[in-house]
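# Structural overview
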Amino acid sequence: MLKKGKVWGRKLVAGIMMAAIVLGNTAVATEASTKDTGKTVAVVQEDNYRKTLCKGFLGKSYGSVIDGIRCDCSGYTRAALNRLESKGKTGTALKNVQVGAHSSRDWVSGSTITYTTGVLEDDEITWAKQTKLSIGKKSSGASDLSDLELGDVVVYGRGNSTTHVAVYFGKFSSINDVKDYLEDVGLYDEGTLKKASGNKIQYKGKTVIRQYGSSSYWRIHSTNSGIMIDNDIAGTSPYTSSFGSWKWTFSSGIDVIE
């Protein structure tokens with residue numbers, strides 16, 4: 001059960017509507033989001049989304065190979081998003097996610113995401129045809145942190161060059177709130193996440209959360225110190241200046257509901 005008084009992230013329900021997915025001769029109603037392309041966009045519950053971003057990744061070393069992908073910053077982003085799936089109890093059923101971007105530059109030059117959505121009815125999922133979407137740029141330059149939505153891909157750079165990629169994890173008021181959340185959703189047993197010097201939370205000696213300053217906006221990414229969650233999206237700390245400046249923000253191509 002979630003602890004009261006915590007800020008887990010704003011409700012992301014804009015654009016959610018009842019749509020019909022036509023499968024053969026059968027029209028099945030499902031909660032889905034439709035973009036300007038007219039294609040049905042997958043909808044995933046936010047705890048499921050965050051757990052997928054974390055499970056099997058947090059604390060791993062930079063460059064670890066997971067699901068056959070070398071998890072540098074762009075590799076982690078692709079590997080984590082590729083793992084998204086849903087049984088359809090909340091939002092749409094989802095499988096076979098494949099992110100086209102293999103590098104930070106790919107996000108900027110243009111990328112795609114493909115996946116298969118389905119409808120859960122009477123404990124069975126009816127799957128639609130595969131959907132392929134172009135991933136659109138939401139903004140250029142450092143935008144307002146309050147405009148970020150869970151799953152947004154934040155790309156950093158210097159000049160016209162890309163240097164780093166992170167995924168927006170949500171709004172939490174402190175490092176302890178992030179820790180509590182990870183325990184509440186079952187990613188870690190209570191008491192296994194330990195405080196360490198330097199505003200860090202560690203699991204078995206590996207840093208999984210780090211706090212820089214007082215920002216309440218958090219990202220997850222692969223760094224030279226490992227895959228972790230931190231709160232310096234805007235790049236104001238000298239400790240993260242090597243990532244470059246926040247220059248672009250992209251949608252992941254999958255919508256999120258509370």
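Nothing here was measured: the structure is a model prediction, and the numbers come from that model.

Looking only at helices and strands, the protein has four helices and 20 strands in total. A total of 258 residues make up the protein; the buried ones form 52% of that total. Considering only contacts within the protein whose residues lie at least 6 apart along the sequence, 58% involve residues at least 24 apart. A total of about 12200 Å² of accessible surface is found on the protein, and carbon and sulfur atoms cover 44% of it.

If you trace the four strands from one edge of the open sheet to the other, you get E7-E8-E9-E10, paired in antiparallel fashion. At either margin of the open sheet sits one strand with a lone partner, and together these are strand E7 (86-87) and strand E10 (124-135). Bridge count between strand E9 (residues 111-121) and E10: ten bridges; the pairing is antiparallel. Looking across to E10, one finds that Leu120 is bridged to Ile125.

Taken as a whole, this structure holds seven aromatic pairs when the rule is applied. The interplanar angle of 50° and the centroid separation of 6.1 Å between the aromatic rings of Trp107 and Phe250 together place this pair among those described as tilted. Here Phe250 lies in strand E19 (residues 245-250) and Trp107 lies in helix H3 (residues 104-109), a separation of 143 residues in the sequence. The buried category is assigned to Trp107, whose relative accessible area is 2%. Of the aromatic side chains, those joined through ring pairs into one cluster are Phe169, Phe172 and Tyr181. The ring of Phe169 has Arg50 lying over it, and the distance from NZ or CZ to the ring centre is 5.6 Å. Sitting over the face of the ring of Trp127, Lys95 holds its NZ or CZ atom 4.3 Å from the ring centroid.

The next thing to look at is the pattern of salt bridges. What the rule picks out here adds up to seven salt bridges. Residue Asp72 pairs with Arg70 through a salt bridge whose shortest N-O separation is 3.5 Å. Assessed through its relative accessible area of 48%, Arg70 is described here as partly exposed. One salt-bridge network, held together by shared partners, links Lys138, Glu149 and Asp152.

What counts, and where the lines are drawn
- Sequence order as written defines residue numbering, which begins from 1 separately in each chain.
- Local features are withheld for residues below a pLDDT of 70 in this predicted model, meaning they are given only at 70 or higher, and side-chain atom pairs are given and counted only at 80 or more; totals for whole chains, interfaces and linings count all residues.
- Excluding hydrogens and water, the side-chain values take into account all heavy atoms of the structure.
- A helix here means a DSSP run of H or I that spans at least four residues, while a strand means a run of E at least two residues long, and both kinds are numbered starting from the N terminus.
- For the exposure calls, accessible area comes from a 1.4 Å probe over protein chains only, and a residue counts as buried if that area is under 20% of its type's maximum, exposed if over 50%, partly exposed in between.
- It only takes one pair of heavy atoms within 4.5 Å for two residues to be counted as in contact.
- Here the open area of atoms and residues is found with the Shrake-Rupley method and a 1.4 Å probe, where only the protein chains shown may cover a residue.
- The criterion for strand pairing is that DSSP finds at least two bridges linking the strands in question.
- Two rings from Phe, Tyr or Trp (for Trp, the six-membered ring) form a pair when their centres are within 6.5 Å of each other. A pair whose planes differ by under 30 degrees is stacked, one over 60 is edge-to-face, and the rest are tilted.
- Both a distance and an angle decide whether a charge sits over a ring: NZ of Lys or CZ of Arg must be within 6 Å of the ring centre and within 35 degrees of the ring normal.
- Any Lys or Arg side-chain nitrogen located within 4 Å of an Asp or Glu carboxyl oxygen qualifies as a salt bridge.

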